[in-house]
Structure formats: C-alpha cells, structure tokens
Amino acid sequence: MSITSTYKCVLLDIEGTTTPISFVHDRLFPYVKNNLINFLNENWNSPELQEQIQLLREQATKDIKKAIIQNIQWQMKINRKVGALKSFQGFMWKSGYESGELKGEIFDDVLDALKKWKEIGIKIYIYSSGSISAQKYLFKNSDKGDLLVYIDGHFDTSIGSKMEKSSYVIIAKEIQFEPNEILFLSDNVKEISAAKSVGYQTAIIERKNNLPLSDDDRKDNVIFTDFFHIFSHSFCRIEN
C-alpha cells in the first residue's frame, strides 16, 4: 500500500504554520530589540553589517529620516513587512543561531510531514515574509535538527506581497509547476485567497494562538489543525 498525491509540490508558510507565532514574536523579535545596541557596537565595522545599514538608511530616508536605532524599533513596533527590516533582522538572527542562543521552534507534526512528502516525491518550498536567509537559519538550526535537507527552495517578499495574486503566479513559474499542482498551506486567510484565485490547491492551518477564523472562512476553505490530517484528505489517496 502506498500514498500518492494529487499535488506535486507543497508551498509552506512559516509563522503559524510550521512554527508557533509566539516564537517569532516572543523570541526572535525581542532578540533584536534587546541586543540591538550591543550588536551594532560590536559589529559596526563589519562589511556585511554596513550593507544592512545602507539598506536601513535608504528605508529611513523614506520614513522621515529617523535615526537607525529608532527606525528599527519603530518598524518592529508596527510589525512592518519591508525588505530592509526583514534583511537586517535575519542578519542579526544569524548571530543568535550561530551562537546557539536561538533555536528555531518547529511544530512536532511538521518533521514527519516533511519526511513523508520527500518519500513520495513531493517538492517542498517555503514562502514567508521573513528574508530567505532568516528562513534558512531557522530551519537549519531548529529544535528538530537541520531541516534544510527536506526543503527544495525559498521565497520571500522580494518577489511580491504574500497577499498579491501575482506573487503566486511568479512562484509557480519559478518552480515550474502548474498552479493546480501546488498545495499552499498557511494560517493567513488573505494569503490563501490570493493563492486560490490563481488555481493553487490550498488549506488553512489552524494552530493554537493563531488568529480566529470566521464562519465564512470555515465554510469556504479546507482547514487542518496539524499536518498529519493532510495525508488522509482527498489531496492524497491510498493505492494498493
């Protein structure tokens, strides 16, 4: 008996899907806020940091020329999803992961699902508002071990907003699958709607502490509370 699927590829969100929202907001964001000044002082002459600072300077100029530290803190306070901030956060998180101070949190059901998809030949991609480098460090340094071995590629908002239809068209072309061959999993209803509108197969992942779903959300979407149930849905079928 074997499992086959009606999709050839799975595209995963991170926050609220593979990883608790609390890890991002209670662990990763505070790491940048609490270590920001010391990190800048210790690494100011680093060429890599100066590249990040230049991106932030350009963003700061657009935002009423705030000072670098004030600008970072202000952008994080409003949870701004712009490339310059995401790139800098990823650069700082890299330091935390490499030192062992940070360890990426992954839901227990995710690892088994990644293994199963690999076994049946399903390609696995990540699409998150966090930078590609931040995604890679999270999965490489996770509490379930190095999960990058299961992941075939990464996308961030440099290709477009996760709520724009065009982003999902671009991803399908990049990975060379038809939209209806891709299963997109996310906790965000607007992201699901955008992907669904261009032909993706979709499902909402409803985790503890995720934003509540409305009655219409429940009526109009496939919903899973963990990854285990995906393999018993009509997305997959059992063959003798």
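Residues numbered from 1 in each chain as written. Predicted model: local features only at pLDDT ≥ 70, side-chain atom pairs only at ≥ 80, totals over all residues. Heavy atoms only, no water.

1. Concerning the sheet that holds strand β5 (residues 182–186)
For the record, the criterion: Paired strands, as defined in this entry, are two strands with at least two bridges between them according to DSSP. Helix and strand definitions follow DSSP, with helices as H or I runs of at least four residues and strands as E runs of at least two, each counted in order from the N terminus.
Read from one edge to the other, the open sheet built from six strands follows the order β4-β3-β2-β5-β6-β7, with strand pairing classed as parallel. The two strands at the open ends of the sheet, each matched to only one other strand, are β4 (153–155) and β7 (223–224). With four bridges joining them, β5 and strand β6 (residues 201–205) adopt parallel strand pairing. Counted as the bridge partner of Leu 185 is Ala 203 from β6.

2. A word on the environment of His 25
Operational definition: For every residue, the accessible area obtained with a 1.4 Å probe (protein chains only) is divided by the maximum for its type, and the residue is called buried under 20%, exposed over 50%, and partly exposed between those limits. Two residues form a contact once any of their heavy atoms are found within 4.5 Å. In the analysis that follows, any N or O atom pair within 3.5 Å is treated as a polar contact, provided that within protein one partner can donate a hydrogen and the other can accept it, and provided that, for residues neighboring in sequence, both atoms belong to side chains.
Relative to the helices and strands, His 25 resides in helix α1 (residues 21–43). Looking at His 25, the relative accessible area reads 31%, which means it is partly exposed. Residues His 25 and Asn 79 lie 54 residues apart in sequence; the distance between their C-alpha atoms is 9.5 Å. Every residue in contact with His 25, bar those within four places of it in the chain, is listed here: Glu 15, Pro 30 and Asn 79. Here the side chain of His 25 touches Glu 15 through a polar contact of 2.8 Å, side chain to side chain.

3. A look at the pairing of β6
The cut-off we apply is this: When the strands point away from the viewer and the path from the first strand over the helix to the second turns clockwise, the crossover is right-handed.
With five of five residues buried, β6 lies mostly within the body of the structure. Burial along β6 is two-sided: Gln 201, Ala 203 and Ile 205 facing one way and Thr 202 and Ile 204 facing the other are all buried. Here two bridges tie β6 to β7, and the two strands are oriented parallel to one another. The residue of β7 that forms the bridge with Ile 204 is Ile 223. Read as a crossover between parallel neighbours, the route from β6 over helix α9 (residues 215–220) to β7 is right-handed.

4. Describing the nonpolar core
So the rule is basically this: Within this scheme, the nonpolar core is defined by two criteria: the residues are buried Ala, Val, Leu, Ile, Met, Phe, Trp, Tyr or Cys, and they are joined through side-chain atoms within 4.5 Å.
By size, the foremost hydrophobic cluster in this structure holds 53 residues, and its most contacted members are Trp 117 and Leu 185. Among the elements that take part in this core, α1 stands out by supplying nine residues, more than any other. In contact with Trp 117, not counting residues within four places along its chain, are Tyr 7, Val 10, Leu 12, Ile 122, Ile 124, Leu 185, Phe 227, Ile 230 and Phe 231. Phe 155, Phe 177, Ile 182 and Ala 195 belong to the second-largest nonpolar core, a separate cluster that totals 18 residues.

5. Brief notes about the pattern of salt bridges
Convention followed: Any Lys or Arg side-chain nitrogen found within 4 Å of a carboxyl oxygen on Asp or Glu counts as a salt bridge.
Counted by the stated rule, this structure contains 13 salt bridges. For Lys 116, the salt bridge is made with Glu 119, and the minimal N-O distance between the two is 3.6 Å. Remark: Glu 119 and Lys 116 occur in helix α5 (residues 108–119); sequence separation between them is three residues, near one turn of the helix. Assessed through its relative accessible area of 62%, Glu 119 is described here as exposed. Ionic contacts of the salt-bridge type, sharing partners, join the residues Asp 13, Lys 162 and Glu 191 into one network.

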